[in-house]
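So you can see what is in the structure, the chains are spelled out below.
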Amino acid sequence: MKIGIYDSGIGGLSVLHQARKMLPGAEFLYYADEKHVPYGEKTREEIKGYVEEILNFLIDHGVDAVVIACNTATSVAKKEFRNTFSVPIVGMEPAVKKAVRMQQDETKRIFVTATPITIYGEKLDHLIEQVDAHHKVDKYPLQKLVRFAERCNFDSPEIDEYLRNELKGFDFDRYEYIVLGCTHFNYFKEHFRTVFGKDVHFVDGNEGTVRQLMRVLPKEAYERKDKPGTTYYYSGRLVNDYEKHQIQRYMDQLDKMYDIN
Ligand code: DGL
């Protein structure tokens, strides 16, 4: 089977990382829209245009299904494109429901973070309304983390400083769960722990999204024998050797982050 995984940039590598564990025999096409990242700073109309173009590109390259590994693009465009293409399209949304389900300490709260488009979009409000019966959920955008991630910057003290500054108004001890509602944020779990304290837990939508992909994949996809492995595209062109090397650095960071829950 051949699966297209698409994000504005390198955030969706965290979904690819998960998908490789769950579908080891699959062939993946990873598409990062490097020309237009960060989506969180674009207009909704612009994002819709990018999504349509890239879905067409992936379908032209023979994928059996596409994962939009980007909460921002899903929040803006998923509804429009759900039934428009010849292959199943799976989107992502912040895993608020999972966090509510997993909460152990009733006195504590859940912190949802994503890009401003996701945080202030109707889709997230609607989701929170549906699952947050006890009003435990707070939300806040942290767009600059996307830029740190795109620069492969995981270690500088600037990151903690940015988080502390942005989140000045929050009482960190009150939070039991952080919902990583942007795939770029998976690289920063250690920084969140530095700021929120070491007992805070994380949820993201990666595993749920791959499960959903497995549910919607047509039977024929499982029968197709493609060559397992991943081909990477940056905005329509194949990546070069230097970029491949960078991608490996991202994957190494994701390995390190994987067991921090
Ligand atoms: N990784 C994306 C998400 O999950 C978008 C980040 C961006 O391009 O601003 O929302």
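Being a predicted model, the structure only gives us computed values, none of them experimental.

1. Description of the sheet that holds strand β3 (residues 65-68)
Phase 1: The sheet built from six strands is open, its strands ordered β4-β3-β1-β2-β9-β10 with mixed pairing. The two strands at the open ends of the sheet, each matched to only one other strand, are β4 (89-90) and β10 (237-238).
Phase 2: In the sheet, β3 pairs with β4 via two bridges, with the strands oriented parallel. Looking at the pairing, V67 lines up with V90 of β4.

2. Things to note about the packing of aromatic side chains
How two aromatic rings sit relative to each other is set out by the distance from centre to centre and by the angle between their planes.
Phase 1: Inspection of the entire model under this criterion finds 19 aromatic pairs.
Phase 2: With a centroid separation of 5.7 Å and 75 degrees between ring planes, the pair formed by F154 and Y250 is classed as edge-to-face. You can see F154 sitting in the loop between α7 (144-150) and α8 (157-166) and its partner Y250 sitting in helix α12 (residues 241-258), a full 96 residues away along the chain.
Phase 3: With relative accessibility at 7%, the residue F154 sits in the buried group.
Phase 4: Assessed through its relative accessible area of 2%, Y250 is described here as buried.
Phase 5: Ring-pair connections join several aromatic residues into one group, and the members of that group are F111, Y140, F170, F172, Y175, F192, F196 and F202.
Phase 6: A cation sits over an aromatic face here: K21 above Y258, 4.6 Å from the ring centre.

3. Section: unusual backbone geometry
Of all residues except glycine, most have a negative phi; of all peptide bonds, most are trans.
Phase 1: In this model, V37 is joined to P38 through a cis peptide bond whose omega is 0 degrees.
Phase 2: The phi torsion at H135 lies on the positive side, around 50 degrees, for a residue other than glycine.
Phase 3: Structurally, H135 can be placed in the loop between α6 (122-131) and β6 (137-141).
Phase 4: Here the phi dihedral of C152 falls at roughly 60 degrees; this positive angle occurs in a residue that is not glycine.
Phase 5: For C152, the location among the structural elements is in the loop between α7 and α8.

4. Let's talk about the packing of α8 against helix α9 (residues 189-196)
Phase 1: Where α8 meets α9, the axes come as close as 10 Å, and the angle between the chain directions of the two elements is 50 degrees. What the angle tells us is that α8 and α9 run oblique. The two elements α8 and α9 meet at a crossing, and its hand is right-handed. Along its contact with α8, which presents I159, D160, L163 and R164, the element α9 presents H191, F192, T194 and V195.
Phase 2: Taken together, the residues that form the contact of α8 with α9 break down as four nonpolar, two polar and two charged.

What counts, and where the lines are drawn
Residues numbered from 1 in each chain as written. Predicted model: local features only at pLDDT ≥ 70, side-chain atom pairs only at ≥ 80, totals over all residues. Heavy atoms only, no water. Pairing = 2+ DSSP bridges. Helix = DSSP H or I, 4+ residues; strand = E, 2+ residues; numbered from the N terminus. Phe/Tyr/Trp six-rings, centres within 6.5 Å; stacked < 30°, edge-to-face > 60°. Buried < 20%, exposed > 50% of the residue type's maximum accessible area, 1.4 Å probe, protein only. Lys NZ or Arg CZ within 6 Å of the ring centre and 35° of its normal. Axes fitted to C-alpha atoms, helices over the stretch in contact; angles between N-to-C directions. Parallel < 35°, antiparallel > 145°, perpendicular 65-115°, else oblique. Left-handed = near helix turned anticlockwise from the far one by under 90°. Contact = heavy atoms within 4.5 Å. Nonpolar A, V, L, I, M, F, W, Y, C, P; charged D, E, K, R; others polar.

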